[in-house]
Amino acid sequence: MSIFKGLGWIFRSLWRLINFTRLMLVNLLFLFVVLVLVFVLGQKDTPQAPVEGALTLNLDGTLVEQLTQTSPTEQLLQQMGSSEDLPHEFLLSDLLWAIRSAKEDDRIQALVLKPQGLQGNLSKLQEVAAAIDDFKQSGKPVIAMADYYTQGQYLLAAHADHVLLNQSGAVLLEGLGVYQTYFKSALEKLNVTPHVFKVGTYKSFVEPYTRDEMSPESKEANQRWLDQLWQAYVQDVAEQREVEPDAVSPSKEQFLERLKKAGGNAAGYALDNGLVDELATREEMNQAVIKEVGETEDHIWKGIGLEDYLAAIPEQYPQSGKDEVGLIVASGAIMDGIQPAGTIGGDSLANLLADARLDDQIKAVVLRVDSPGGSAFAAEQIRAELLSLKQAGKPVVVSMGSYAASGGYWISADADKIFASPTTLTGSIGVFGLFATVDQALSQFGIHSDGVGTTDFVGLGVTRALPEHVGQAIQLNVENTYQRFLGLVGKGRGLSQEEAEKAAEGRVWTGLDAKALGLVDEFGNQSDAIAAAAELANLKEWQVTPIEPEESTKDKFLRELLGSSAQALAPSLKGVIPAPLGQSLTALNRALDPLVRFNDPQGTYAWCPVCR
């Protein structure tokens, strides 16, 4: 195993210097955070907004299963260097809870959707759309408004009773696609040698480094799931808007003909084809809501926003002393070790599963998986702890989010039951290893690497050519990992070897296909998974208990204090760092961070490249 440990060292060392530079640039700004503490101490609590009128969902941000843990220093850097607001994240569970609560809340008279700026995957948006449909059963109106609607944003708007569009706006429906940048020829010109080790005909992560175009196998697999997702989108919108499918997804000839009929006016095109109900100015939109819920002294509609409403309603999971169904969220790429929220750590998640196993009050567990995979080693540590949880007599049910593919499926396969949506992306059962050497590139400049060692496995590095015997050893390890992956899928899902192989080869499946292949048991959301877990544990009454990493009082205090301080002082410090520099440093920090943490000890990954 020493060879694989050596390779793991190579992968980590590749980014060590870059990571040092990154941390130095970011941590220099920590001083600014310290300076603002006094401002926070002097701030007064803002009065709570009254709950009345419309629940206004201003969804300018990203819909996620788990909030990403962002350092206050990075927040301050962004605010000082850019005039734009920090990217915001909305918890899917919070948004669903607010809409469900508003349905029964007599103080809420309407639901206003402002989805402009919203980003979210199809399955998550469908869950929100279902909650909107349920809200409409109360008889309260749902109004959507925006200057323009992108594809995902429009999916929610289509479920409203009345869709308003700015008279100068547009509804942008372009379809779904997968396009990648390929580097083979560029790497050849640079004399950089990629070393690729994979198993799975459809395992396409490595293709950009070995080809100049998408392989026929990848095109075939990608086209299938893209068509299924797009068909689900078109059918949903067409039914909600009571229009023909070609109004949502016209041919290029139909689109041009209809756009010409509208005089080239994109907003007029949307109105003519039934995509929206009315074109309006922003003030006309304001007046439309005022007619439903009344007007404030500031001449805007009466209402309350999402965050204020969540603070004013009961908690989603109240603790009542009943038997518990534990809820654990596993969101993001799978990395080895302890990882922050928004990334799945092999040790982090295994520890949470162990906590559930040792807690006598917890009788069953729901694992909410939203992950494209990652480290095969880390995924196996998580799976081992999940098996221990089952051996302790506690049922485990997996609820798949938008993605539960490759390593995300690795940690799901042994669950007692798996729920997914028809538009979940899963499968991608394959393994790869990848790294590059630059010995040929360096030799052009007269730079060479040489030395002696006691075995044929020392001295490995990016500056030396990869020995053939080492490449063979890595490929054997990748093949072994793939066979273990196939084995655990077959055993966990009760599939024969032939059935498991049919579902594998690295191919990505929608939930629709995955259910037919036996990779998924039932269609349903997180609530369905919770009910199934309680039934498997024979619970008549239960409470849901989120299981999350414990944060020390000190760490929590510093995080909240520094985070608030950064926001308080940011306006006065805006421009201290030139905007382009601040944006560049932020982009560098984000781009390098996952590379630094891409840390499988053996350099072997189960990753879905299109699940992003």
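Scroll up for the structure.
In this report, we go over the structure that sits alongside the text. (Residues numbered from 1 in each chain as written. Predicted model: local features only at pLDDT ≥ 70, side-chain atom pairs only at ≥ 80, totals over all residues. Heavy atoms only, no water.)

Side note on the overall build of the chain
Part 1 of the argument: Of the regular secondary structure elements, the chain holds 26 helices and 22 strands.
Part 2 of the argument: With 612 residues in all, the chain has 50% of them scored as buried.
Part 3 of the argument: Taking the contacts inside the chain whose residues are at least 6 apart along the sequence as the reference set, 79% of them involve residues at least 24 apart. (Helix = DSSP H or I, 4+ residues; strand = E, 2+ residues; numbered from the N terminus. Buried < 20%, exposed > 50% of the residue type's maximum accessible area, 1.4 Å probe, protein only. Contact = heavy atoms within 4.5 Å.)

Quick notes on the layout of surface pockets
With a probe scaled to a water molecule rolled over the atoms, the places where space remains empty come into view.
Part 1 of the argument: Taken as a whole, the second largest pocket holds about 730 Å³ of empty space.
Part 2 of the argument: Of all the secondary structure elements, the ones that give two or more residues to the lining of the second largest pocket are α7 (122–136), α8 (151–157), α11 (216–241) and β15 (396–405).
Part 3 of the argument: When residues in the lining of the second largest pocket are grouped by element, the largest group, 4 residues, is from α11.
Part 4 of the argument: Partitioned by chemical class, the residues of the lining of the second largest pocket number 15 nonpolar, 12 polar and 2 charged. (1 Å grid on protein atoms, 1.4 Å probe; cavity = no way out; pocket = protein on both sides within 12 Å on 5 of 7 lines; lining within 4 Å. Points joined across faces, edges and corners; volume = space filled by probe spheres on them. Nonpolar A, V, L, I, M, F, W, Y, C, P; charged D, E, K, R; others polar.)

Quick word on the side chain of T426
Part 1 of the argument: Looking at the element boundaries, T426 is found in strand β17 (residues 425–427).
Part 2 of the argument: Judged by relative accessible area, T426 falls into the buried class, the value being 0%.
Part 3 of the argument: Side-chain polar atoms of T426 contact the backbone oxygen of A404, separated by 2.6 Å.
Part 4 of the argument: Apart from residues no more than four positions distant in its own chain, T426 is found in contact with M400, A404, A405, Y409, R507, V508, W509, T510 and A514. (Polar contact = N/O pair within 3.5 Å; in protein donor to acceptor, adjacent residues only side chain to side chain.)

Considering the pairing of strand β6 (residues 162–166)
Part 1 of the argument: With 4 of 5 residues buried, β6 lies mostly within the body of the structure.
Part 2 of the argument: In this region the chain leaves strand β5 (residues 142–146), passes through α8 and returns to the parallel neighbour β6; the handedness of that crossover is right-handed. (Right-handed = clockwise from strand over helix to strand, strands pointing away.)

Focus on the pattern of salt bridges
Part 1 of the argument: All chains considered together, the criterion is met by 17 salt bridges.
Part 2 of the argument: E65 serves as the salt-bridge partner of R368, at 2.7 Å between the closest nitrogen and oxygen. Linking R368 in strand β13 (residues 362–371) with E65 in the loop between β2 (62–64) and α5 (72–81), this pair joins segments that are 303 residues apart in sequence. Each member of the pair, R368 together with E65, is buried.
Part 3 of the argument: Residue D147 is joined to R282 by a salt bridge in which the shortest nitrogen-to-oxygen separation is 2.6 Å. Placement of D147 in the loop between β5 and α8 and of R282 in helix α15 (residues 282–293) is noted, with a sequence separation of 135 residues between them.
Part 4 of the argument: Residues joined by salt bridges that share partners form a network here, namely E65, E127 and R368. (Salt bridge = Lys/Arg side-chain N within 4 Å of Asp/Glu carboxyl O.)

Thoughts on a negative patch on the surface
Part 1 of the argument: A cluster of acidic residues, E278, E283, E284 and E295, forms a negative patch at the surface.
Part 2 of the argument: Its location among the elements puts E295 in the loop between α15 and β9 (303–305).
Part 3 of the argument: Classification of E295 by relative accessible area gives partly exposed; the value is 36%. (Patch = residues over 30% accessible without salt bridge, like charges linked within 9 Å, V, L, I, M, F, W, Y side chains within 5 Å. Areas by Shrake-Rupley, 256 points an atom, 1.4 Å probe, with all protein chains shown as cover. Lys, Arg positive; Asp, Glu negative; His and termini not counted. Charge placed at Lys NZ, Arg CZ, Asp CG, Glu CD.)

Some words on the packing of aromatic side chains
Part 1 of the argument: Counted by the stated rule, this structure contains 5 aromatic pairs.
Part 2 of the argument: Between W230 and Y233 the ring centres are 5.1 Å apart and the planes differ by 10°, which places this aromatic pair in the stacked class. A residue pair is termed a helical-turn pair when its members lie 3 or 4 positions apart in one helix, as W230 and Y233 do in helix α11 at 3 residues.
Part 3 of the argument: Here Y233 falls in the buried class, since its relative accessible area comes to 4%.
Part 4 of the argument: One residue, K515, lies across the ring of F523, its end atom 5.6 Å from the ring centre. (Phe/Tyr/Trp six-rings, centres within 6.5 Å; stacked < 30°, edge-to-face > 60°. Lys NZ or Arg CZ within 6 Å of the ring centre and 35° of its normal.)

A look at empty space enclosed by the protein
Part 1 of the argument: Scanning all chains against the criterion turns up 3 cavities of 30 Å³ or more.
Part 2 of the argument: Of the pockets and cavities examined, the second largest cavity occupies roughly 60 Å³.
Part 3 of the argument: Taken together, 10 residues make up the lining of the second largest cavity; nearest its centre are L460, G461, R464, A465 and L466.

Things to note about the environment of A330
Part 1 of the argument: Inspection of the secondary structure puts A330 in strand β10 (residues 324–331).
Part 2 of the argument: Relative accessible area serves as the criterion here: at 2%, A330 is assigned to the buried category.
Part 3 of the argument: For the pair formed by A330 and E65, sequence separation is 265 residues and the distance between their alpha carbons is 8.3 Å.
Part 4 of the argument: The residues contacting A330, other than those within four sequence positions of it, are I344, L349, L367, R368, V369 and D370.

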